[in-house]
Amino acid sequence: MDFEYLYIPIGVPTFHLESAGAEFEKSIELLNAIDGDVKTPDEMLLSIDKLNAFLEGKNPDLVIVQNITFANGAYIAEVLRRFDCPVLLWTLREPVIDGGRLRLNSLTGAFSAGNVLNSFGRAFEYIFGSPEEENVKAKIASVIKAARVKKALKSLNILQVGHTPQGFGFGRALDMEMLTTFGATLNSIEARELIDKAKTFTDEDVMAYIADAKERINGLDDIKDKNVLDFARLYKAYDEYVKANNIGALSSRCWPDFFTAFGTPVCSVISILNDLGVASSCEADTYGALTMYISQFLTGSPAFFGDPVSMDEGENTITFWHCGMAACSLAREDKGACAGVHCNRKIGPTLEFGCKPCERVTVFRVGKKADGTFRFFISEGEALDKPQQFFGTSIVVKTDSNASDIINTSVKNGWEPHFAVAMGGVADELEALANFLGIEVEKF
């Protein structure tokens, strides 16, 4: 997936060009240090003609429009006329305030640009400051990541395996909503299709899958041989379908079908898929899988998927849990990812572990309001060094905000009971992405 963004330094030649030129060079240096996929002009774009010459023939995924000096609204209008992509508007700080000449007047130019952007009905991100400032660097980096996610979503194929169980309709996705809001393509198949495919494999067919699983999961030999073989059959069926159809994320029905119609849970298959880079949720929660995909894209690590099941007001923590699926790589190093049996059905293999600590995590959910519009749940914190809390997989998050307030407010506001825990602090990136997608944010 090719990604390209433009640095567009606009202005007029009637201000202090020596000061402007210094900011121009520092800005290019900063952008190249953040992300090398930037296209920059050879000179400041101090006329509409020079602006148009630079824009000609380009098809960016993001534009960073900087008032290198004051520029009237005609400049940004030319950019918006050509491109329908995310915009970051960057205002430079006045380099000198000495009672003398106004050297850049970048801020007035930003007001002109912001007025035009709003007239066009275009959402945009904004930053004020000089290239040397850390908050400027952080903001630009987060916006670039958000724009990368937005582009990636347009080529994402999501697989919905089976229907949500009764009472779990919050995770059920519609193909047109997925396409029009996020740009992703939703594919749907019945769970029996993969179950039937799994049944065709011989024991010999799945030996390599068992060997791979034993490298990831401790104690698989303690599970009944038939269940291990059937798990491997499911693993092969899912893996082959994902590869053949270029699937980047999936949601899978799990209970009761895989217990009753197949005799072996799909939990461990979902766990391994997450480690293979395919963001995967259970209970057919497709918006949960989308949440995990965005989290994984931003952090480079699989996300934990689970229910909020416990709160400790004294520690200011919320425990997230699920009954046997999480990426094996998230397991604590002291015990690793261990095989077990499902806490209710007593059939394995499922995954059993507590997650390793992480200094910064982000609790995230792509959710829906009662009127059907989308919203993002965002809350940052720390994953503590805690052992497994219950049968299944668990992670304990000490939230930056008051945990009791988060629980009370999110329950009252009707949030879905499934969340992703992204292994990194990505709240800024998620807020920028929501802005670019036209989605409301509830930040806790």
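To keep things clear, this report deals only with the structure shown in the data block. (Residues numbered from 1 in each chain as written. Predicted model: local features only at pLDDT ≥ 70, side-chain atom pairs only at ≥ 80, totals over all residues. Heavy atoms only, no water.)

### A short note on the sheet that holds strand 2 (residues 38–39)
Right, so step 1: One open sheet holds the 5 strands; their spatial order is 2-1-3-4-5, and the pairing between them is parallel. Each of the sheet's edge strands pairs with one partner strand only, and the pair in question is strand 2 and strand 5 (125–128).
Right, so step 2: Bridge count for strand 3 (residues 62–67) against strand 4 (residues 87–91) is 5 bridges, and the pairing is parallel. By the bridge assignment for strand 4, Val 65 is matched with Leu 89. (Pairing = 2+ DSSP bridges. Helix = DSSP H or I, 4+ residues; strand = E, 2+ residues; numbered from the N terminus.)

### Section: the nonpolar core
Right, so step 1: With 126 residues, the main nonpolar core has Phe 182, Tyr 238, Leu 290, Ile 294 and Phe 376 as its most contacted residues.
Right, so step 2: Ignoring anything within four residues of it in the chain, the contact list for Leu 290 reads Leu 153, Leu 156, Ile 158, Met 178, Phe 182 and Val 366.
Right, so step 3: In this structure, Leu 45, Ile 76, Phe 83 and Leu 117 belong to the second largest nonpolar core, which totals 24 residues. (Core = buried A, V, L, I, M, F, W, Y, C linked by side-chain atoms within 4.5 Å. Buried < 20%, exposed > 50% of the residue type's maximum accessible area, 1.4 Å probe, protein only. Contact = heavy atoms within 4.5 Å.)

### As for unusual backbone geometry
Right, so step 1: Phi is positive for Asn 246, close to 50°, though the residue is something other than glycine.
Right, so step 2: With respect to the helices and strands, Asn 246 occurs in the loop between helix 9 (225–244) and strand 8 (249–252).
Right, so step 3: The phi angle at Glu 283 is positive, at roughly 55°, despite the residue not being glycine.
Right, so step 4: Looking at the secondary structure, you find Glu 283 in the loop between strand 9 (279–281) and helix 12 (286–299).

### Brief notes about helix 8 (residues 207–216)
Right, so step 1: Looking at helix 8, one finds that the buried residues are Tyr 209, Ile 210 and Ala 213. Projected down its long axis, helix 8 carries its buried residues within an arc of 100°, all on one side. Relative to its buried face, helix 8 has exposed residues pointing more than 90 degrees away, namely Ala 208 and Glu 215.
Right, so step 2: Residues of helix 8 that are buried in the fold lie against helix 9 and helix 11 (267–275). (Arc of directions from axis to C-beta.)

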